[in-house]
Amino acid sequence: MIIETIVTTLDTDGAVNVAPMGVEWTGGDEPPVLKPFLATSTYRNVVATRAAVVNLVDDVRVFARAAISNPSYAVLPASVVRGVVLEVACSWRELQVRSIDSTPPRSRIETEIVHHGFRREFIGFNRARHAVLETAIYATRVHMLARDFLESELARLQVIVDKTAGPDEHEAMAMLSDYIRSAPAPEQAGTR
């Protein structure tokens, strides 16, 4: 099963990278499997430090910002690994790498949970939050997807946001829609 998370990593100089990532995970004490693309900062950082933190976050604005940039958020030092925890995280898992398969285009990084923390209950996602998450995923793939497909998906997902969102979800959707619409069209894009 793929769980949408925010993965934080550090580079060798200690700079923080904040990335949205679907991780293979059944939850609880089972260790997540990270699958970053080889050309990403997350992949380079995990290879260099052999550590990451998986943050469970219920504010979709964090996913939206992280999908289109490397935002700066308040963080706390991780307890066991060389890494950081987002202050907005409901809970988190500190991970050490057990193995890395770097077969292109995505790596497969087997991990071990060495510490977990809990700040507050995860309230879950309503339909609008799910729609924003889907839009964030499209934003990370805007260079690969056809413009007409993206426009139709934005229109479909906007209806859901309009029906079920609060102010935070409206803000996140507007940010992502603006980003997608202003991105250059890919020269050759598939439809999914």
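Residues numbered from 1 in each chain as written. Predicted model: local features only at pLDDT ≥ 70, side-chain atom pairs only at ≥ 80, totals over all residues. Heavy atoms only, no water.

J.: Quick rundown of the overall build of the protein chain? Include the residues and the values.
T.: Within the protein chain, the secondary structure is distributed over five helices and eight strands. Counted from the first residue to the last, the protein chain has its helices and strands arranged as β-β-β-α-β-α-β-β-β-β-α-α-α. Radius of gyration (C-alpha) of the protein chain: 17 Å, near the 16 Å computed for a compact globule of 192 residues. Burial status across the protein chain gives 45% buried among its 192 residues. The long-range fraction of contacts in the protein chain, counting pairs at least 24 apart against all pairs at least 6 apart in sequence, stands at 66%. Accessible surface for the protein chain amounts to roughly 9,400 Å². Of this, 52% is attributable to carbon and sulfur atoms. Separation of charge centres in the protein chain, based on 20 positive and 24 negative side chains, amounts to 2 Å. (Helix = DSSP H or I, 4+ residues; strand = E, 2+ residues; numbered from the N terminus. Rg over C-alpha atoms; globule rule 2.2 N^0.38 Å. Buried < 20%, exposed > 50% of the residue type's maximum accessible area, 1.4 Å probe, protein only. Contact = heavy atoms within 4.5 Å. Areas by Shrake-Rupley, 256 points an atom, 1.4 Å probe, with all protein chains shown as cover. Lys, Arg positive; Asp, Glu negative; His and termini not counted. Charge placed at Lys NZ, Arg CZ, Asp CG, Glu CD.)

J.: Talk me through the nonpolar core; I want residue IDs and the actual numbers.
T.: Core analysis: the biggest nonpolar cluster contains 40 residues, and Ile6, Val57, Leu86, Val132, Tyr138, Leu176 and Ile180 have the highest contact counts within it. Listing elements by their share of this core, those giving two or more residues are strand S4 (51-56), helix H2 (60-68), strand S6 (84-86), helix H3 (127-140), helix H4 (147-164) and helix H5 (167-182). Looking at this core element by element, the count peaks at seven residues for H3. (Core = buried A, V, L, I, M, F, W, Y, C linked by side-chain atoms within 4.5 Å.)

J.: Lay out the packing of H3 against H4 with the relevant residues and their values.
T.: Look at H3 against H4: their axes get within 8 Å of each other, and the N-to-C directions meet at 160 degrees. Between H3 and H4, the angle is such that the two are roughly antiparallel. Every pair of crossing elements has a handedness; the one defined by H3 and H4 is left-handed. Across the interface between the two elements, Arg127, Ala128, Ala131, Val132, Glu134, Thr135 and Tyr138 from H3 touch Phe149, Leu150, Glu153, Leu154, Leu157, Ile160, Val161 and Thr164 from H4. Of the residues contributing to the contact of H3 with H4, the split by class is ten nonpolar, two polar and three charged. (Axes fitted to C-alpha atoms, helices over the stretch in contact; angles between N-to-C directions. Parallel < 35°, antiparallel > 145°, perpendicular 65-115°, else oblique. Left-handed = near helix turned anticlockwise from the far one by under 90°. Nonpolar A, V, L, I, M, F, W, Y, C, P; charged D, E, K, R; others polar.)

J.: Summarise the packing of aromatic side chains; cite the residues concerned and give the values.
T.: All chains considered together, the criterion is met by three aromatic pairs. Between the aromatic rings of Phe122 and Phe125, the centroid separation amounts to 5.3 Å while the plane-to-plane angle is 80 degrees, which identifies the pairing as edge-to-face. For the ring pair Tyr138 and Phe149, a centre distance of 5.6 Å and an interplane angle of 85 degrees mean the geometry is edge-to-face. A residue pair is termed long-range when its members are at least 10 positions apart, and Tyr138 in helix H3 and Phe149 in helix H4 qualify at eleven residues. Judged by relative accessible area, Phe149 falls into the buried class, the value being 15%. By way of ring pairs, the aromatic residues Phe63, Phe122 and Phe125 are connected into one cluster. Sitting over the face of the ring of Phe37, Arg106 holds its NZ or CZ atom 4.4 Å from the ring centroid. (Phe/Tyr/Trp six-rings, centres within 6.5 Å; stacked < 30°, edge-to-face > 60°. Lys NZ or Arg CZ within 6 Å of the ring centre and 35° of its normal.)

J.: Explain unusual backbone geometry to me, and be specific about the residues and the numbers.
T.: Pro105 follows Pro104 through a cis peptide bond whose omega is 0 degrees. Tracing the sequence through the fold places Pro105 in the loop between strand S7 (91-101) and strand S8 (108-118). Notably, Arg50 is not glycine yet its phi reads approximately 60 degrees, a positive angle. Classification of Arg50 as partly exposed rests on a relative accessible area of 38%.

J.: So what's going on with the layout of surface pockets? Residues and values would help.
T.: In this model, the largest pocket occupies a volume close to 770 Å³. Pro20, Met21, Phe37, Thr40 and Thr140 are the residues nearest the centre of the largest pocket, which is lined by 27 residues in total. If you tally residues by element for the lining of the largest pocket, the top one is strand S2 (residues 16-24), at six residues. Considering only residue class, the lining of the largest pocket consists of 14 nonpolar, nine polar and four charged. (1 Å grid on protein atoms, 1.4 Å probe; cavity = no way out; pocket = protein on both sides within 12 Å on 5 of 7 lines; lining within 4 Å. Points joined across faces, edges and corners; volume = space filled by probe spheres on them.)

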